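Secondary and tertiary structure notes
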Amino acid sequence: MKNFNQIDILGADILYHNLLEQDDICHTIKEEIFPLILDSDFEDMYKSGGRPPVRPSILVCVTIMQFLEKLSDRAASSNLKFRLDWKIAFNLPIDFPSIHPTTLHYFRERLIESKKSSYAFDKILEHLTSLGLIKKKKKQRIDSTHIIANIKELSRLELLSETLRVFCKDIESYSTFLDENLQNYRNLYLEKMTIRGISDAVRDKMIIDAGIAMKEFINLKLLPEVGPQLQLLKSYEILNTVFQQNFSSEADGDDNGAAVSLIKISTGKGHISSPHDKEAEYANKGKKGWIGYKAQIAETIHEDSDINFITYAEITAATAYDGDSVLPAIKELDNKNLVPSEIYGDTHYNAKNTIEQASQLDVEMKGPVAPRPTKETQEKNKGFNFDRERNAVVCPTKIYSKKCTIFEGGYISASFPQNECRQCDRRDICQPEIRGKQVSFRDEHDILKTRREMMKTDEFKKDMHKRNGIEGTLSGLVRGQGMRRLRYRGLAKGRLQIKFSAAAANISRLHRCVDRFGSKMLLNAA
């Protein structure tokens, strides 16, 4: 008979080792996941001396359970105290006193600071690979979904006043350096403003007043006593950026004049939507608009099984082009020795440049490409060609565009000089706008032409069915792990949430394997 020490005798896994059935996910965590998480992997996160920390392996598993069961920190702390199945899975004693909810918050901060946000996901991925459930040079598929930031959508006036309020709270220790005018501004914007029911005229005046106040606070950097310290504040940086994105300064006779004029509203790439999460951006897809980010997810394609595993999970800016995620995904998978032979994606992942770059890494991109321009567009742009050497569009009369922008996916937009268009003999044919002819089209390449021909075949259409499963995976992450809305604020914390969501999803799928085929299948696979 095995001898146990004092701690082992009190362990829930010893006293109730037969309590968990194989169909219980805590059984899978106890047998397959908990042994993977080593406390020694987190030694660099803690300083020597002081109060002994809660075992990091426990905190990692509790965080995983939060995403499996969509629990708050307080609920997870309570479960750790009262749930017997958790204590069995984590090899804890029956009388384990649990942890304070804030312990989970500080642990997440440590994970981010030590760049271990992906620790749990990577460990589970290694385990799945060792079991033979994920193999390299196999087919995978990729897609994205929108992630809503943990902030309120603000109007322009709300954005300005909230940005000022956050800054005014941060400069309390500098209040002695503020003159009477700035003190009045600080007292005004320290409190949240009520804008319900105000007229348009009052709203417009409040916006201009906020811009003037912002400029006055920004000019504090000129004071040698506080300028260098103020510029180090995160709220000062946000204040300055929000001002630049919403106002332009006007000279009013004073060297530091406070007159400002409003810039036409502009949202999207690089624009701050809230001072509480400066990295969250506004984006739209079709009729759907949101403020936040995007999650890029890739998973395996097992043609002989309905259980696939997530191999890549990353968060990007909401305005990021999906095709730009393909190369980082391939490189990360290559580092994990899981690079696929083929990747299935929709139109955004199959631009000409993406197909070429993936091919150089010995990966074939599969999926539809952008359709040919309509007959109306072709007729409208007839005679206009893209000159690659000059990076400009040339018209039938050999006039080059004054501006040419090439967007992701090969989309080209060009504008021609207004004076040239007015004097042109083809004016009646081209029908230019008042500001000059505007042309937009996609540059045609042999790669795209060949793919479009393939898209007409039944074989291609049948092969594209393999891509469809990623939609169910995204839906599962949204419904099962609550991935649609961020729990936390900021890109770094959002990345941690995406990684743990993917880890929890892989555990659920591993549990389905164990429940369906039994542990012996995993041992034989290994």
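Presented here is an overview of the structure given in this document. Keep in mind that what you see is a predicted model, and the values were worked out from it rather than measured. Residue positions are given per chain, counting from 1 as you read along its sequence in written order. Side-chain atom pairs in this predicted model are given and counted only at pLDDT of 80 or more, local residue features only at pLDDT of at least 70, and totals for whole chains, interfaces and linings cover all residues. In computing side-chain properties, one takes all heavy atoms of the structure into account and sets aside hydrogens as well as water.

What follows deals with the overall build of the protein chain. Helical segments are the DSSP runs of H or I of at least four residues, strand segments are the runs of E of at least two, and each set is numbered from the N terminus. When you go through the protein chain residue by residue, the secondary structure sums to 23 helices and 13 strands. Burial here depends on accessible area, computed with a 1.4 Å probe over protein chains only, as a share of the maximum for the residue type. Under 20% is buried, over 50% is exposed, and the range in between is partly exposed. Relative to its full complement of 526 residues, the protein chain shows a buried share of 45%. Residue exposure ignores everything except the shown protein chains as possible cover, and the areas themselves are Shrake-Rupley values with a 1.4 Å probe. Taken as a whole, the protein chain presents about 28000 Å² of accessible surface, with 49% of it coming from carbon and sulfur.

Tracing the backbone shows Glu32 in helix H3 (residues 25-33). For the pair Glu32 and Leu510, spaced 478 residues apart in the sequence, the C-alpha separation amounts to 8.9 Å. Definition of a polar contact: a pair of N or O atoms within 3.5 Å, with one able to donate and the other able to accept a hydrogen when the atoms are protein atoms, and with sequence-neighbouring residues admitted only if both atoms are side-chain atoms. Reaching out from Glu32, the side chain makes a polar contact with the side chain of His127 at a distance of 2.8 Å.

To describe a pair of aromatic rings, one takes the distance between the centres and the angle between the planes. Classification of ring pairs uses Phe, Tyr and Trp, with its six-membered ring standing for Trp, and accepts pairs whose centres are within 6.5 Å; under 30 degrees between planes counts as stacked, over 60 as edge-to-face, and the remaining range as tilted. Tallied over the full model, the rule gives ten aromatic pairs. Here the aromatic rings of Phe167 and Tyr236 are separated by 6.1 Å at their centres, their planes lie at 50°, and the arrangement is tilted. A residue pair is termed long-range when its members are at least 10 positions apart, and Phe167 in helix H9 (residues 156-170) and Tyr236 in helix H13 (residues 234-246) qualify at 69 residues. With a centroid separation of 5.5 Å and 65° between ring planes, the pair formed by Phe384 and Phe416 is classed as edge-to-face. Here Phe384 is found in the loop between helix H16 (375-380) and strand E9 (385-387), whereas its partner Phe416 is found in the loop between strand E12 (411-415) and helix H17 (418-423), with 32 residues between them in sequence. Exposure class is identical for Phe384 and Phe416. Each is buried. Feature note: the residues Phe167, Tyr185, Phe217 and Tyr236 constitute an aromatic cluster, connected by ring pairs. Each ring is checked for a lysine NZ or an arginine CZ that lies within 6 Å of its centre and within 35 degrees of its normal; such an atom marks a charge sitting over the ring. Positioned over the ring face of Tyr400 is Arg390, at 3.6 Å from the centre of the ring. One residue, Arg487, lies across the ring of Phe67, its end atom 4.7 Å from the ring centre.

Of all the positions in helix H15 (residues 352-360), only Lys352, Thr354, Ile355 and Ala358 are classed as buried. We call two residues in contact whenever any of their non-hydrogen atoms come within 4.5 Å of each other. Those residues of H15 that are buried lie in contact with helix H14 (326-335), strand E8 (364-366) and helix H19 (446-454). Of the residues flanking the end of H15, it is Asp362, one or two places downstream, whose phi is positive at about 65°.

Within the secondary structure, Arg512 is located in helix H22 (residues 491-517). Counting along the chain gives 484 residues from Arg512 to Thr28, while the straight-line C-alpha distance between them is 9.5 Å. In contact with Arg512, not counting residues within four places along its chain, are Asp306 and Ile307.

Right, let's get into the nonpolar core. Definition used in this section: a nonpolar core is a set of buried Ala, Val, Leu, Ile, Met, Phe, Trp, Tyr and Cys residues joined via side-chain atoms within 4.5 Å. In terms of nonpolar packing, the biggest core is built from 71 residues, with Leu80, Trp86 and Phe90 touching the most fellow members. Tallying contributions element by element places H22 first for this core, with ten residues. If sequence neighbours within four positions are ignored, Phe90 has contacts with Ile29, Phe34, Ile58, Cys61, Val62, Met65 and Leu80. Tyr174, Ile218, Val242 and Phe247 belong to the second-largest nonpolar core, a separate cluster that totals 30 residues.

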